[in-house]
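A look at the structure
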Amino acid sequence: MVDLEKLKNVAKETVSREDVKYLVGWRQGTYGFRVSPHFMTKPEDADKLIFSPLCVNNLATYLTLAEKLPVPRGEEPDTRKVALMVKGCDSRAVVQQLIEKGIERDSVYVIGCPCQGVLDLEKVEEKFPGVQSPVDVQWGDDKFIINLPDGTQEVPREELLAQKCLNCRYPNPVISDVMLWEEVEAWGNGEYADVKELEAMDSQERWTFWQEKFASCIRCYACRNACPMCYCEDCVLDRLNPQWVFRSNNISENTVFHLARAFHLAGRCIECGECERVCPMGLPLMSLNRKLAKEVREKYAFEPGLDPESKPFQSSYRPDDQEDFIL
Amino acid sequence: MDSKKLTKDKFGGFVELLSKQKLYVPQMVGETLRFAPVSSKDEVDLVFSNTVVPPKSVLFPQTETLYEYEAGGTELIMPEEPEEKVLLGVRPCDARALTIVDKLFSWDIDDPYYVNKRENTTIIGLACQEPGINCFCTSLGGGPASTEGIDLLLTDLGEGYLLQPLTEKGEKLCQDAGELLVEAAGEDRQAAESLHQEAAEKIVRKIEVDTIPQKLEELWESPLWKNISDACLGCGACTFLCPTCHCFDIQDEMEGFEGRRCRVWDSCMFEEYTLHTSGHNPRPTRRERTRNRVNHKYSYFVKNFGTIACVGCGRCIDNCPVNIDILDILSQVVKEAI
Amino acid sequence: MSEQYEPNIVAFLCNWCSYAGADLAGTSRTQYPVNLNIIRVMCSGRVNPLFIINALQQGADGVLVSGCHPGDCHYMEGNFYARRRFGLMKELLEYIGVDSRRFNMSWVSASEGGKWKDVVEEVVGKAKEAGPFEQFRRNKINW
């Protein structure tokens, strides 16, 4: 069970260590059900730390998002570790970054938080609209305990659970330097019901579905930036020569953008659902990612983000890979 | 001209009248509410909840062709003159935002693309009765029934709308509507008045902005910016969805032998926004970029145009994936000792 | 579909096998459809998935990627990577509703001039059935 005292104590200890630069955790947001990433540099910041069903954000993004300025002459680069709080899905992002050598193992200190599934912000904000003051939410047995300003509400777990958590098979961190509390039992079976539903449509119906979605994209790139696996220094979308994707917003360029984004995550996506959560236009981006994850898992028996020693999916092969599509 | 009243049974007729020009109303496009052209009058259903994409997208589209050309040719093909447009159901905050964007696009040189469209557009506002949880328009000189930038203001009285013409365009519309409208009675005006009052009282988030422009200048090197921007992902959700953000990038696009020069929305939160050809970037990290966003709205714009480039619509707060809250930033700015 | 419709197909052929195979078909005076625009690449593993997407965007009605048979790659394993990559690409394109007949992949060795003819006939036939590609074509209508 979640032990907030222990979490704060571990955080204080960690951030006091000499080899730790800062710690990234979660804190209550400024309103309603929102939370914000919390960057701690000193022990007294620990009071703000929380871990609750609201902690949706995947903080592994911040490992590769940190911008490195050139080190002034005569100074040594800061090689201290970044401490990071991770849920099960977040920890897979860390592992995948290790697999790809995006980060080094001794550059990160992982604090594992076994997780019982987080809330779907959209669903909870729809159920309790207009809540201004920050709300505290806790896990109960098969329910969420929501402490609203006008009284506590209990809601069955299934009703508000985030989409990505419904089928979660890895609620426990797969990598950690310290585990905060005992592991929970995994509940998901990894079915791809949503993908199969779309697959059952005919080709034209699927295009009609996606056309509408892609056309409404505003190309704010929140999906790319929030993704812990999107960390290329020189993104193909920003490149001007060759310019693969024009900057103009229309169905052609938007489709290419989304194809490129999804394909770039083929065999890498750890299904943390951040792209879909952060999209201000509400595009079902996880559907694309999950389709590829399904193929990778079913046809190639591969799953990303589990074993730091494994090779990345697209830079490895098996001689007997399926080739029934080849003429 | 005096206020008029439009009963709801005549609303269809009113929409039909507006449809003579190109009519835009808030509609669901994909998964989001935004201004889109009306194809049949049945679609029109005025809603109070604010559009996710602000109405600037009609007057300052995300992608706008400046001119077209052919490979090897010397002739520029200019886009057609903009048609007459009506925007129905614009929130007062968004209409006010248009007056702010106007200042920029008619600053030293008139931007023909924007200004022509703006002149050919009639803005019909809808007084807001259900402010969102992150609205703070009253702190910035606006309000749920602010009239700035609106040609004709509607107030939903339940059984009908109160129409207040505010400009010549608005008056002309009322004249054209002629028989559809009746003179508003004194109690209608009072009812509207009290509805406006009620809505203003529902706005809970507030900030004292008077000292902010000065404070921001003094806080240029403050550690505040680092703390705020730590969590920032560097996406463009806040700026693209801001009703007053107006930055754009010019692009040349060729396909086969045809090409065009167009402008597309750009965001100061993107790394490449200030990237020089040399590789140097004067705003190298999200700290500088976040600082610029706040400073542009609350300091530079004030210096150049005498007004804050924020209307308090709350979109950047609602849509930030990591809960970077402009009110939180501003209250820290106010509190911060120099 | 009118009889006159001739699809425009972009084919990425590896230098060592498929390009030589096509060459053999040519020198053997094999008759086959002329709808292919061949782009020679050093290896099928060199083909970037964006090539496929951009070809469709910029005017292709179909795309073919062809390389050496598994085990025959001049660079030992390039075609194995390509096989994984384009197996997924095909699935992704189908998933967003692009006709599955538009994207094909084949193994054609330098000695298989006859197979090359069959592959081209099949690819062109499929593209003809699928008709002109318009879904996310970059053109003025989309501007």
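Quick notes on the rules
Residues numbered from 1 in each chain as written. Chains lettered and ligands numbered in written order. Predicted model: local features only at pLDDT ≥ 70, side-chain atom pairs only at ≥ 80, totals over all residues. Heavy atoms only, no water. Pairing = 2+ DSSP bridges. Helix = DSSP H or I, 4+ residues; strand = E, 2+ residues; numbered from the N terminus. Axes fitted to C-alpha atoms, helices over the stretch in contact; angles between N-to-C directions. Parallel < 35°, antiparallel > 145°, perpendicular 65-115°, else oblique. Contact = heavy atoms within 4.5 Å. Nonpolar A, V, L, I, M, F, W, Y, C, P; charged D, E, K, R; others polar. Buried area = accessible area lost by both parts, 1.4 Å probe. Salt bridge = Lys/Arg side-chain N within 4 Å of Asp/Glu carboxyl O. Polar contact = N/O pair within 3.5 Å; in protein donor to acceptor, adjacent residues only side chain to side chain. Patch = residues over 30% accessible without salt bridge, like charges linked within 9 Å, V, L, I, M, F, W, Y side chains within 5 Å. Areas by Shrake-Rupley, 256 points an atom, 1.4 Å probe, with all protein chains shown as cover. Buried < 20%, exposed > 50% of the residue type's maximum accessible area, 1.4 Å probe, protein only. Lys, Arg positive; Asp, Glu negative; His and termini not counted. Phe/Tyr/Trp six-rings, centres within 6.5 Å; stacked < 30°, edge-to-face > 60°. Lys NZ or Arg CZ within 6 Å of the ring centre and 35° of its normal. Domains from an automatic or database assignment. Expected span 1.5 Å × (residues − 1). Arc of directions from axis to C-beta.

**Section: the sheet that holds strand S7 (residues 143-148) of chain A**
All names here are of chain A. Pairing is antiparallel across the open sheet formed by three strands, whose spatial order is S6-S7-S8. Both edges of this open sheet fall to strand S6 (136-140) and strand S8 (151-156), since each of them pairs with a single strand only. Ignoring which end each strand starts from, the neighbouring axes of this sheet average 25° apart. Judged from the five bridges that link them, S6 and S7 form a sheet pairing that is antiparallel. The residue bridging Asp136 from the neighbouring strand is Asn147, located in S7.

**Focus: the packing of helix H8 (residues 203-215) of chain A against helix H10 (residues 251-264) of chain A**
Any two packed helices are characterised by the angle at which their axes cross and by the distance between the axes. Residues and elements named next belong to chain A. Relative orientation of the contacting elements H8 and H10 amounts to 100°, with a least axis distance of 9 Å. When the interaxial angle is binned, H8 and H10 end up roughly perpendicular. Across from Trp207, Gln211, Phe214 and Ala215 in H8, the residues of H10 making contact are Ile251, Asn254, Thr255 and His258. When grouped by side-chain class, the residues that make up the contact of H8 with H10 number four nonpolar, four polar and no charged.

**Re the interface of chain A and chain C**
Contact with chain A, which involves 46 residues of that partner, is made by 43 residues of chain C. Summing both partners gives a buried area of about 4,000 Å² for chain A against chain C, and 65% of it is carried by carbon and sulfur. At the surface where chain A touches chain C, the tally comes to five salt bridges. Ionic pairing is found between Glu91 of chain C and Lys299 of chain A, a salt bridge with its closest N-O pair at 2.5 Å. Linking chain A with chain C are 22 residue pairs in polar contact (both at pLDDT 80 or more), by the criterion used here. When contributions to the side of chain A that touches chain C are tallied by element, the ones reaching two or more residues are helix H7 (193-199), H8, H10 and helix H12 (285-300) of chain A. For the side of chain A that touches chain C, the element with the highest residue contribution is H10 of chain A, accounting for nine residues. Here the side of chain A that touches chain C is composed, by residue class, of 25 nonpolar, 10 polar and 11 charged.

**Details of a nonpolar patch on the surface**
Residue and element names in this part refer to chain C. Residues Trp16, Met42 and Tyr75 make up a contiguous nonpolar surface patch of about 290 Å² in total accessible area. Tracing the sequence through the fold places Tyr75 in the loop between strand S3 (62-67) and helix H3 (78-95). Using a relative accessible area of 38% as the deciding quantity, one classes Tyr75 as partly exposed.

**Section: the environment of Ala260 of chain A**
Mapped onto the elements of the fold, Ala260 of chain A is located in helix H10. For Ala260 of chain A, a relative accessible area of 12% gives the class buried. Spatially, the C-alpha atoms of Ala260 of chain A and Trp181 of chain A are 39 Å apart, while their sequence positions differ by 79 residues. The contact partners of Ala260 of chain A, leaving out residues within four places of it in the chain, are Leu50 and Ile53 of chain C.

**A few points about the side chain of Lys215 of chain B**
All names here are of chain B. Take Lys215: it is sitting in helix H7 (residues 212-218). Among buried Asp, Glu, Lys and Arg side chains, Lys215 stands out as unpaired, with Glu218 the closest opposite charge at 5.9 Å. Polar side-chain contacts of Lys215 include one of 3.0 Å to the backbone oxygen of Val334.

**Some remarks on the packing of aromatic side chains**
Tallying each qualifying case throughout the model produces 33 aromatic pairs over all chains. Residues Phe209 of chain A and Trp210 of chain A carry aromatic rings whose centres are separated by 5.1 Å and whose planes lie at 90° to one another, so their mutual orientation is edge-to-face. Among the residues examined, Trp210 of chain A registers a relative accessible area of 0% and is labelled buried. Centroid distance Tyr221 of chain A to Phe257 of chain A: 5.1 Å. Interplanar angle 70°. Geometry classified as edge-to-face. One end of the pair, Tyr221 of chain A, is in the loop between H8 and helix H9 (222-226); the other, Phe257 of chain A, is in helix H10, and 36 residues separate them in sequence. Residues Tyr221 of chain A and Phe257 of chain A agree in their burial class; the two are buried. An aromatic cluster of at least three residues, connected via ring pairs, comprises Tyr221 and Phe257 of chain A together with Phe60, Phe105, Tyr114, Phe240, Phe248, Trp265 and Phe270 of chain B. In this structure, Arg17 of chain A packs its charged tip against the face of Tyr109 of chain A, placed 4.4 Å from the ring centre. One cation-aromatic arrangement involves Arg263 of chain B over Phe248 of chain B; the distance from NZ or CZ to the ring centre is 4.7 Å.

**Some thoughts on the pairing of strand S7 (residues 152-156) of chain B**
All names here are of chain B. Burial of S7 is extensive: five of the five residues sit out of reach of the surface. Pairing between strand S6 (residues 121-126) and S7: three bridges, direction parallel. Residue pairing across strands places Gly125 opposite Leu153, the latter belonging to S7. Note: S7 against strand S8 (residues 160-165), five bridges, orientation antiparallel. Paired with Leu153 across the bridge in S8 is Gln164. As consecutive antiparallel partners, S7 and S8 are separated by three residues, and within that stretch Gly158 has a phi angle of approximately 100°, a positive value.

**What about the domain arrangement of chain B?**
Residues and elements named next belong to chain B. The assigned domain composition of chain B is domain 1 (4-202) and domain 2 (212-335). Facing the 38 residues of domain 1 at the interface are 41 residues of domain 2. Of the roughly 3,500 Å² buried at the junction of domain 1 and domain 2 (both faces included), carbon and sulfur atoms supply 63%. Counting the contacts that link domain 1 with domain 2 gives three salt bridges.

**Focus on unusual backbone geometry**
Pro242 of chain A follows Asn241 of chain A through a cis peptide bond whose omega is 0°. If you trace the backbone, Pro242 of chain A turns up in the loop between H9 and H10. The phi angle at Arg219 of chain A is positive, at roughly 55°, despite the residue not being glycine. With respect to the helices and strands, the residue Arg219 of chain A is situated in the loop between H8 and H9. For Arg219 of chain A, a relative accessible area of 5% puts it in the buried group. Phi is positive for Met76 of chain C, which is not a glycine, with a value near 75°. In this fold, Met76 of chain C is placed in the loop between S3 and H3.

**Quick word on the interface of chain B and chain C**
The interface is formed by six residues belonging to chain B together with four residues belonging to chain C. Surface buried jointly by chain B and chain C totals about 580 Å² across both partners, of which 54% is contributed by carbon and sulfur atoms. Its largest share of buried area at the contact with chain C, chain B owes to Glu255, Glu258 and Arg260 of chain B, together 73% of the area lost on that side. At the surface where chain B touches chain C, the tally comes to one salt bridge. For Glu255 of chain B, the salt bridge identified is with Arg138 of chain C, shortest N-O distance 3.9 Å. Remark: the boundary between chain B and chain C carries zero residue pairs in polar contact (both at pLDDT 80 or more). Here the side of chain B that touches chain C gets three residues from one element, more than from any other, and that element is strand S11 (residues 258-265) of chain B. Here the residues of the side of chain B that touches chain C are counted per class, giving no nonpolar, one polar and five charged.

**Regarding helix H1 (residues 4-16) of chain A**
Residue and element names in this part refer to chain A. With 13 residues, H1 should cover 18 Å at 1.5 Å per step; its first-to-last C-alpha distance of 18 Å lies within 8% of that length. Along H1, the residues that are buried comprise Leu7, Lys8, Val10, Ala11, Thr14 and Val15. The buried residues of H1 occupy an angular sector of 165° when projected down its axis, which confines them to one face. Across from the buried face of H1, at angles greater than 90 degrees, the exposed residues are Glu5 and Glu13. Lining the buried residues of H1 we find strand S1 (20-28), strand S2 (35-40), strand S3 (49-50), strand S4 (81-86), strand S5 (108-112) and strand S9 (178-179). Near the N-terminus of H1, the side chain that reaches the backbone nitrogen of Glu5, with its oxygen 3.2 Å away, is that of Asp3.

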